[in-house]
Amino acid sequence: MRRTLGGRCVVAAVMALVSADSRIAELLAELQRLLGHTQEERSRSEHNLINIQKTHERMQTENKISPYYRTKLRGLYTTAKADAEAECNILRKALDKIAEIKSLLEERRIAAKIAGIYSDAEPPRKTMRRGVLMTLLQQSAMTLPLWIGKPGDKPPPLCGAMPAAGDYVAKPGDKVAARVKAVDGDEQWILAEVVSYSHAANKYEVDDIDEEGKERHTLSRRRVIPLPQWKANPETDPEALFQREQLVLALYPQTTCFYRALIHAPPQRPQDDYSVLFEDTSYADGYSPPLNVAQRYVVACKETKKK
């Protein structure tokens, strides 16, 4: 029976792989079409922008704003605004396609893992060199999508420092900060991947991102913190970022463990990292020099600050 069930799981995983590959191909074609439309829209609006510039130059030459120029500029700017909104709508659709592709790629990775199929880009982690793992984590942080809302939209849960909704359950394959017992009996926060969630037991099963094939951890929800799903834009949504001197858990550079830290400086631009001060008793003031940590790997600390 177990062998039959195992075989069914592999067959289902292979079918999921084929389905994901087909859908990804469709989405890539749609994305290419949308990008072509974006270029067409931009080229079409360029003529209007040139007219705006020339009209301003004529006004400066004549050193006056006549009713004619006022009416003409009003029409040109109205057209420019409509062109910009049209291009923005196309780009939003393109971003939605990219997000769907990324989600399918993650589903594909999990299905491949079940079927025992691995790619050169991601071999079984039990044989993965540490340097390769660190590179993958860095790439994951760099490719975390930037949340771009419409005017008036508030950053959603799991955007930057925004916490998950109270009833949120992380999906299989999601990366989380998980509090586990170390070999010496002490507890530590590690970077882990969700395997499953039991609604009946209200517990997660997670794998240490650095120890696949070893002990699997079963943890209550309070011991699991979902990582951000979007980067927050400091220029438009600063409220979605941790602020200076706020206590957080941050992934220590070149490791897979989270440690308590203070925010030294939040990101100033969308591509910037946090600057954090890790708690470190080897320094006189109890904190390390500033170190950079990506938004992807900074979460709220559930523990109180040490006295």
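Going by the structure above, here's the rest.
Computed from a prediction, not measured in an experiment: that's the story for all the values here. (Residues numbered from 1 in each chain as written. Predicted model: local features only at pLDDT ≥ 70, side-chain atom pairs only at ≥ 80, totals over all residues. Heavy atoms only, no water.)

A.B. asks: Just checking my understanding: could you explain the nonpolar core for this structure?
C.D. replies: Core analysis: the biggest nonpolar cluster contains 36 residues, and L191, F258, V276, Y297 and V298 have the highest contact counts within it. Going through the elements one at a time, helix 3 (130-142), strand 2 (187-198), strand 6 (247-251), strand 7 (257-265), strand 8 (274-278) and strand 10 (298-300) are the ones with two or more residues in this core. Sort the elements by how many residues they give to this core and strand 6 lands first, with five residues. Not counting residues within four places of it along the chain, the set of residues in contact with Y297 comprises L137, S140, A141, L191, L227, L249, A250, L251 and F258. Grouped together as the second largest cluster of nonpolar side chains are 13 residues, V180, V194, Y197 and V206 included. (Core = buried A, V, L, I, M, F, W, Y, C linked by side-chain atoms within 4.5 Å. Buried < 20%, exposed > 50% of the residue type's maximum accessible area, 1.4 Å probe, protein only. Helix = DSSP H or I, 4+ residues; strand = E, 2+ residues; numbered from the N terminus. Contact = heavy atoms within 4.5 Å.)

A.B. asks: Please explain the pairing of strand 1 (residues 175-181) as it appears in this structure.
C.D. replies: Regular strands place side chains that alternate from one sheet face to the opposite one. For strand 1, a buried count of five out of seven residues is recorded, marking the element as mostly surrounded by other parts of the structure. Across seven bridges, strand 1 lies against strand 2 in antiparallel orientation. Following the sheet pairing, K181 is matched in strand 2 by E187. Where strand 1 lies against strand 5 (residues 224-226), three bridges are found, and the strand directions are antiparallel. In the sheet register, A178 faces strand 5, and the bridge partner there is V224. (Pairing = 2+ DSSP bridges.)

A.B. asks: Help me understand a nonpolar patch on the surface in this model?
C.D. replies: Taken together, the side chains of L95, I98 and I148 present a nonpolar region at the surface, about 250 Å² in accessible area. Secondary-structure assignment places L95 in helix 2 (residues 67-115). Classification of L95 as partly exposed rests on a relative accessible area of 40%. (Patch = residues over 30% accessible without salt bridge, like charges linked within 9 Å, V, L, I, M, F, W, Y side chains within 5 Å. Areas by Shrake-Rupley, 256 points an atom, 1.4 Å probe, with all protein chains shown as cover. Salt bridge = Lys/Arg side-chain N within 4 Å of Asp/Glu carboxyl O.)

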